[in-house]
There are 2 protein chains.
Amino acid sequence: MSRRDQILDVALELLERDGVESLTMRSIAEAVGMRAPSLYKHVPDKRSLEAGLIARGLAAQAGVFERAARKRSPLAALAQAYRGWAREHPHLYRLMTDGPLPRDLLPPGVEAAAAAPLLAVTGNVGRARALWGLAHGLVSLELAGRFPPGADVDAAWRVGIAAFAATTTGSRSRSTS
Amino acid sequence: MSRRDQILDVALELLERDGVESLTMRSIAEAVGMRAPSLYKHVPDKRSLEAGLIARGLAAQAGVFERAARKRSPLAALAQAYRGWAREHPHLYRLMTDGPLPRDLLPPGVEAAAAAPLLAVTGNVGRARALWGLAHGLVSLELAGRFPPGADVDAAWRVGIAAFAATTTGSRSRSTS
DNA sequence: GTCTATAGTGGGATAGAC
DNA sequence: GTCTATCCCACTATAGAC
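Now for a quick tour of the structure. Computed from a predicted structure; not experimentally measured. (Residues numbered from 1 in each chain as written. Chains lettered and ligands numbered in written order. Predicted model: local features only at pLDDT ≥ 70, side-chain atom pairs only at ≥ 80, totals over all residues. Heavy atoms only, no water.)

1. Quick word on the protein's contact with DNA strand C
Thinking step 1. Neighbouring residues of DNA strand C: 14 residues in total, closest R35(A), K41(A), H42(A), T24(B) and K46(B).
Thinking step 2. Among the atoms of DNA strand C lying within 4 Å of the protein, the sugar-phosphate backbone contributes 54%.
Thinking step 3. Take H42(A): an N or O atom from its side chain is 2.5 Å from a phosphate oxygen of DNA strand C.
Thinking step 4. At the level of elements, α3 (36–39) of chain A together with α2 (25–32) of chain B are the ones that each hand at least two residues to the surface near DNA strand C. (Near = heavy atom within 4 Å. Polar contact = N/O pair within 3.5 Å; in protein donor to acceptor, adjacent residues only side chain to side chain. Helix = DSSP H or I, 4+ residues; strand = E, 2+ residues; numbered from the N terminus.)

2. Brief notes about the pattern of salt bridges
Thinking step 1. With the rule as written, the count across this model stands at 17 salt bridges over all chains.
Thinking step 2. R17(A) is the salt-bridge partner of D18(A), the closest N and O atoms lying 3.6 Å from each other.
Thinking step 3. In this structure R17(A) comes out as exposed when scored by relative accessible area, which is 57%.
Thinking step 4. For the salt bridge of E111(B) with R103(B), the shortest nitrogen-to-oxygen distance reads 2.9 Å.
Thinking step 5. The partly exposed category is assigned to E111(B), whose relative accessible area is 24%.
Thinking step 6. Note on R103(B): relative accessible area 29%, which makes it partly exposed.
Thinking step 7. Through salt bridges with shared partners, a single network forms among R83(A), R87(A), E142(A) and D154(A). (Salt bridge = Lys/Arg side-chain N within 4 Å of Asp/Glu carboxyl O. Buried < 20%, exposed > 50% of the residue type's maximum accessible area, 1.4 Å probe, protein only.)

3. A closer look at the protein's contact with DNA strand D
Thinking step 1. Contacts to DNA strand D come from 14 residues, most closely from T24(A), R26(A), R35(B), K41(B) and H42(B).
Thinking step 2. Taken together, the sugar and phosphate atoms account for 56% of what DNA strand D places within 4 Å of the protein.
Thinking step 3. One nitrogen or oxygen atom from the side chain of R26(A) is found 3.3 Å from a base oxygen belonging to DNA strand D.
Thinking step 4. Between a phosphate oxygen of DNA strand D and a side-chain N or O atom of K46(A), the distance comes to 3.0 Å.
Thinking step 5. Counting only elements with at least two residues in the surface near DNA strand D, the list comes to α2 (25–32) of chain A together with α3 (36–39) of chain B.
Thinking step 6. The residue inventory of the surface near DNA strand D, partitioned by class, reads five nonpolar, three polar and six charged. (Nonpolar A, V, L, I, M, F, W, Y, C, P; charged D, E, K, R; others polar.)

4. Considering the environment of S48(B)
Residue and element names in this part refer to chain B.
Thinking step 1. Locating S48 in the fold gives a position in helix α4 (residues 46–69).
Thinking step 2. Note: C-alpha distance between S48 and P102 (54 residues apart in sequence) is 8.4 Å.
Thinking step 3. Discounting residues that sit within four places of it in the chain, S48 has contacts with R4, V43 and L105. (Contact = heavy atoms within 4.5 Å.)

5. Here we look at the relation of the copies chain A and chain B
Thinking step 1. Mapping chain A onto chain B leaves a residual RMSD of 0.1 Å; the transformation is a rotation of 180° accompanied by 0.0 Å of translation along its axis. What the rotation and shift describe, once combined, is the action of a two-fold rotation axis.
Thinking step 2. In this assembly the copies share their binding face: 100% of the residues contributing to the interface of chain A also contribute to that of chain B. (Least-squares fit on C-alpha atoms with pLDDT ≥ 70 in both.)

6. A few points about the side chain of S27(A)
All names here are of chain A.
Thinking step 1. Among the structural elements, S27 can be located in helix α2.
Thinking step 2. Overall, S27 belongs to the buried group, its relative accessible area being 18%.
Thinking step 3. Dropping the residues within four chain positions of it, S27 is found in contact with L14 and S22.

7. Some words on the packing of aromatic side chains
Residues and elements named next belong to chain A.
Thinking step 1. Using the criterion set out here, one finds six aromatic pairs over all chains in the structure.
Thinking step 2. Ring centres of F65 and Y82 lie 5.6 Å apart, and the angle between their planes is 20°; this geometry places the pair in the stacked category. Taken together, the residues F65 in helix α4 (residues 46–69) and Y82 in helix α5 (residues 74–88) connect sequence positions 17 residues apart. Y82 carries the same exposure label as F65, and that label is buried.
Thinking step 3. Taking 5.8 Å as the distance between ring centres and 85° as the angle between the ring planes, the aromatic pair formed by Y82 and Y93 counts as edge-to-face. Separated by eleven residues along the polypeptide, Y82 in helix α5 and Y93 in helix α6 (residues 90–97) bring together distant segments of the chain. Y93 matches Y82 in its accessibility class, with the two residues each being buried.
Thinking step 4. In textbook terms, an aromatic cluster arises when at least three aromatic residues are bridged by ring pairs, as seen for F65, Y82 and Y93. (Phe/Tyr/Trp six-rings, centres within 6.5 Å; stacked < 30°, edge-to-face > 60°.)

So far we have only geometry, and geometry alone does not tell us how the molecule works.
Rendered as structure tokens:
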């Protein structure tokens, strides 16, 4: 395992424990067991380090979403998987969604792989993006703590999914090609 | 007009022009025409200054959303108003949604006022939150530049609104009480 | 491939004179 | 209510010795 991968491992742990604000070259270096300047022998700059974490997140999502899309109610399962993954990795999720993807630094295909299950389940791009919007909106309001205290977030998800399920009846009998 | 309000005016301009990252006590002071330490004679700290901006944003949204909710297709009009406001005030929008509301520093009622039109149009809280999720998700992905280049965001909005409209038929004949 | 030293920049906030 | 001076903190990144 390359030193770069070790650094990414440690950075990911740090990110998921303490959040984006705490992910500094200094803190990463300390956790790895070296001084901050030494990191630059393995990683060109911070942006590429973050891109490495984002790539891992997209790959992980792809796996989880693919499995969900094969369940009985793929749309509901996918929504649940989306929310679940975000709640398990809130800081990584925010890093992945708070700004434009560093597409120039991402392994080719990783963005498409994460999106593919959603596209397969919804059947077309417009519906996929709308459902993504719903899921991302509910997730990010929840992660940000923006709902009023005591808000029934589960209920909001049920209503949203039901609305989409009602308009996606045609895709159930369609193959995933 | 109090000196505090003048400071908030300037801070709001600065925020909307340059973004949250550029909104520093130093930059605000310079734009006001004083030194940073002097700000603390009018505002206890940065957090309360930001809370003042958020309160203004919520009040502005309340006005815009109320007007939209009185149009012929209230749900679609509200969605369009939501997106439009966010695009006109992207940095303020992010300040308002990226974290928990500083409810302890907000004028009472201002959060509810911004939410009321949405609640009136959707008819119940679950549907209101689901629609908010959809709108916030699409808006924040758009503002963050997270959609792939060339993505048809308008189409995603149409699909999402159509899905909700199909499940909200009962509210059209209901009064806003 | 690691280190020390340091450049260069920025931030929020306080003390105390006037 | 404004100022100067300052504290203390943090960050990314580079130079150059070893």
